[in-house]
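These are the residues of each chain, in order.
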Amino acid sequence: MAKKDIHLSVEDLTISFKTNQGLVRAVRGVSFDLVHGETLAIVGESGSGKSVTSRAIMGILAGNGIIDNGSIMFEGEDLTQVTEEHFHEVRGNRIGMIFQDPMSSLNPIMRIGKQITEGMILNGKHLDNRYKAMFQESRGRYKSLKRNIKRAKKTKKRLTAQYKWDISELERKYERRIKEETETKEEQNALLAELADRKQARKQQLTERIAVELPKAQETIAKLQQQLPAAKAKLKEEKANAKAAITKEWNEQKRLAAADISQIQSEAKAELDKLKADINDLSGDAKKEAQNTYREAAKKWKQKVADRKEQLARYKKVTKKEAFERAIQVMREVGIDNPEKRFKQYPFQFSGGMRQRIVIAIALTASPDILICDEPTTALDVTIQAQILELINKLKVDRDLSVIFITHDLGVVANMADRIAVMYAGKIVELGTAEDVFYNPRHPYTWALLSSMPDLDSKERLTAIPGTPPNMLFPPKGDAFAERNKFAMRIDFEEQPPMFQISDTHYAATWLLHKDAPKVEMPETIKHRIERMLAHDAEGEDKKEGATA
Ligand SMILES: Nc1ncnc2c1ncn2[C@@H]1O[C@H](COP(=O)(O)OP(=O)(O)OP(=O)(O)O)[C@@H](O)[C@H]1O
Ligand SMILES: [Mg+2]
């Protein structure tokens, strides 16, 4: 695949959450590319790490989340590395997201219109944004100097906090081992002694690290502080230059507007004076008519002045009027009837499907290039679900969006995904085109997902997937699906399978694809189901052809 086609690239993304029970390994080395203009579906059971992955892309991980490793490349920048401030720019403007429950993304006590226009007005300060952009780089450099100084000053605190965390992890680990592995008091005491030794060793380590790192940090602080005055001066200078440039530009715009307005006003005066003279010459009905004409003309000229003033205001920022016009437009685009009336209503006056449309409209006001949909239809009933899917498909084409569509139900994405990534226990276990995954699935977990999909005709689900996903506090050593996999071999319990390449587009991580593995066929029921899906598709094609013939 040509590199230019890739819109966003996730590489070896690894995320964990600190909790009282220990570290939850939510995402464990996820890699995928999002190709320009495609819909990539991420499918997997509850807890497989779908939302965490997408939240990391949006820069909205929960506070206890840590990106341990990996990168998210977007337009030459690694989103895992950008500052929070800059992230907002990227996120707000380029990547939009909609969530499962539309009510949670809407404010129940704010009118819909205001919720749609709020962001536009907030982010639409054109002159202000350009002013800030002019010194953004030196501002970033100055801020990062200050941040790095602050961080270096916290070296001791940071090391100590890490040490405390490590100790509590150790204690938890031993507590568990004592519970699970020991029977006698002696065995327990042996483990407790081992724990005490290790704690002691850690403490020693901490002292040593502080001794080494503290002077280093002080050196860093001194070096950074030396650079601070120059950075500050540069920022000040650029800021002043930017201010002068923007002020000049704005004054020029005001001058142009004033000239236009005075031109309009003198034309108005000429016409209105003439009309007034006419009135004085007339009487009776004719006079009334002339008075009317005068009023109309006065109104027209007044509107011309107002329009020119609005035009000037729009040069500076998105005005309320402009935001209203754009909101109405985008409400129409997402299929809301009578948008002028709906604009003034509250979320409770909308049905679930309509609310989801509003949420989509809000995401669209920022004109994103990438839209992430996290189970956007799960809370909706089937017909509404189909309508929302259709809408997302339409927007994707009209606006040339790249879409990441998250769902636990393969059936939902059958008609919309270009490619599918199947996730299990924080990993992608199969990745391929929709055809690869639906018609040539290779991972036993994908087989299980396929068989738990509602049947096309009977709507009945063959089987729920037996068993439960592993507890991600203690991820299994081998293939996380081994416990639930009736084809599991010994190696599945010992070693994680690599991603095996099946074709140019198709990959799966299962030991069944190893050249030495016994040949395992997919279960008959799934074969049968695939045949039925193929038959169904062919029927659909026939119908289409019939319609066009
Ligand atoms: N803030 C958090 N603190 C601790 N653990 C978390 C946090 N957020 C998510 N997790 C854990 O990370 C794992 C992945 O969660 P995630 O929300 O990504 O699942 P999902 O695939 O989106 O599932 P669902 O279909 O239920 O939405 C789960 O084990 C979850 O409990
Ligand atoms: Mg989720």
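Residues numbered from 1 in each chain as written. Chains lettered and ligands numbered in written order. Predicted model: local features only at pLDDT ≥ 70, side-chain atom pairs only at ≥ 80, totals over all residues.

Visitor: I'd like to hear about the overall build of the protein, residue by residue, with values.
Guide: Each helix and strand in the protein was counted, giving 18 helices and 12 strands. Its C-alpha radius of gyration of 32 Å places the protein more than 25% over the 24 Å reference for a compact globule of 549 residues. Expressed along its principal axes, the backbone C-alpha trace of the protein runs to roughly 115 × 75 × 45 Å. For the protein, the proportion of its 549 residues judged to be buried stands at 25%. Excluding contacts between residues fewer than 6 apart, the proportion of contacts in the protein whose partners are at least 24 apart in sequence is 68%. (Helix = DSSP H or I, 4+ residues; strand = E, 2+ residues; numbered from the N terminus. Rg over C-alpha atoms; globule rule 2.2 N^0.38 Å. Buried ≥ 20, exposed ≤ 12 C-beta atoms within 10 Å, placed from the backbone. Contact = placed C-beta atoms within 7 Å.)

Visitor: Got a sec to walk through the sheet that holds strand S3 (residues 39–43)? Specific residues and values, please.
Guide: Taken in spatial order, the 8 strands of this open sheet run S6-S7-S8-S3-S9-S10-S12-S11, and their pairing is mixed. Where the open sheet ends on each side, the last strands, each with one partner, are strand S6 (95–98) and strand S11 (500–501). When strand S10 (residues 427–433) meets strand S12 (residues 507–508), the two strands line up antiparallel, connected through 2 bridges. Note that in S12 the partner of leucine 431 across the bridge is tyrosine 507. Across the sheet, helix H1 (residues 50–58) lies against S3, S6, strand S7 (370–374), strand S8 (402–407) and strand S9 (419–424), angled at about 150° from S7, the strand it touches most. Against the sheet, helix H12 (residues 352–365) makes contact with S6 and S7, and its axis sits at roughly 170° relative to S6, the strand it touches most. (Pairing = 2+ DSSP bridges. Axes fitted to C-alpha atoms, helices over the stretch in contact; angles between N-to-C directions.)

Visitor: Account for the site of ligand 1, with residues named and values stated.
Guide: Every one of the 17 residues lining ligand 1 counts as a neighbour, but Phe17, Ala26, Ser46, Ser51 and Ala62 are closest to it. Listing elements by their share of the shell around ligand 1, those giving two or more residues are strand S1 (6–19), strand S2 (22–35) and H1. Counting residues per element, the shell around ligand 1 draws most heavily on H1, which supplies 3 residues. Partitioning the shell around ligand 1 into residue classes produces 6 nonpolar, 10 polar and 1 charged. (Near = placed C-beta within 6 Å. Nonpolar A, V, L, I, M, F, W, Y, C, P; charged D, E, K, R; others polar.)

Visitor: Describe the domain arrangement of the protein, with residues and values.
Guide: One can read the domain layout of the protein as domain 1 (3–109 + 346–531), domain 2 (131–244) and domain 3 (254–318). Each of domain 2 and domain 3 has a C-alpha centre, and the two are 68 Å apart. (Domains from an automatic or database assignment.)

Visitor: Break down the pairing of S8 for me, citing the residues and quoting the values.
Guide: Of all 6 residues that make up S8, 6 are buried, and the element is covered over most of its length. Across 5 bridges, S3 lies against S8 in parallel orientation. Within S8, the position partnered with leucine 40 by the bridge is isoleucine 404. Across 5 bridges, S7 lies against S8 in parallel orientation. Bridge pairing in S8 links aspartate 374 to isoleucine 406.

Visitor: So what's going on with the pairing of S7? Residues and values would help.
Guide: Burial analysis of S7 places 4 of its 5 residues in the buried class, the great majority of the element. One ladder, built from 4 bridges, connects S6 with S7; its direction is parallel. Paired with methionine 97 across the two strands is isoleucine 372, which belongs to S7.

Visitor: Quick one: what's the story with the sheet that holds S1, residue by residue and with numbers?
Guide: Pairing within the open sheet is antiparallel, and its 4 strands lie in the order S2-S1-S4-S5. Of all the strands in the sheet, the pair left with one neighbour each is S2 and strand S5 (77–78). Sheet analysis places S1 next to S2, joined by 11 bridges and oriented antiparallel. Across the sheet, residue leucine 13 finds its bridge partner in S2, namely valine 30.

Visitor: Account for the nonpolar core, naming residues and giving values.
Guide: The biggest cluster of nonpolar side chains holds 82 residues, and the ones touching the most others in it are Val43, Ala361, Ala421, Val422 and Val429. Considering each element in turn, this core owes the most residues, 8 residues, to H12. (Core = buried A, V, L, I, M, F, W, Y, C linked by C-beta atoms within 7 Å.)

Visitor: Tell me about the environment of glutamate 310, residues and numbers included.
Guide: Counting through the fold element by element, glutamate 310 comes out in helix H9 (residues 284–316). Take glutamate 310: there are 13 C-beta atoms within 10 Å of it, and that puts it in the partly exposed class. Expressed as a C-alpha distance, the spacing of glutamate 310 and glutamate 322, which sit 12 residues apart in the sequence, is 9.0 Å. Beyond its immediate stretch of four places on either side in the chain, glutamate 310 contacts Thr319 and Lys321.

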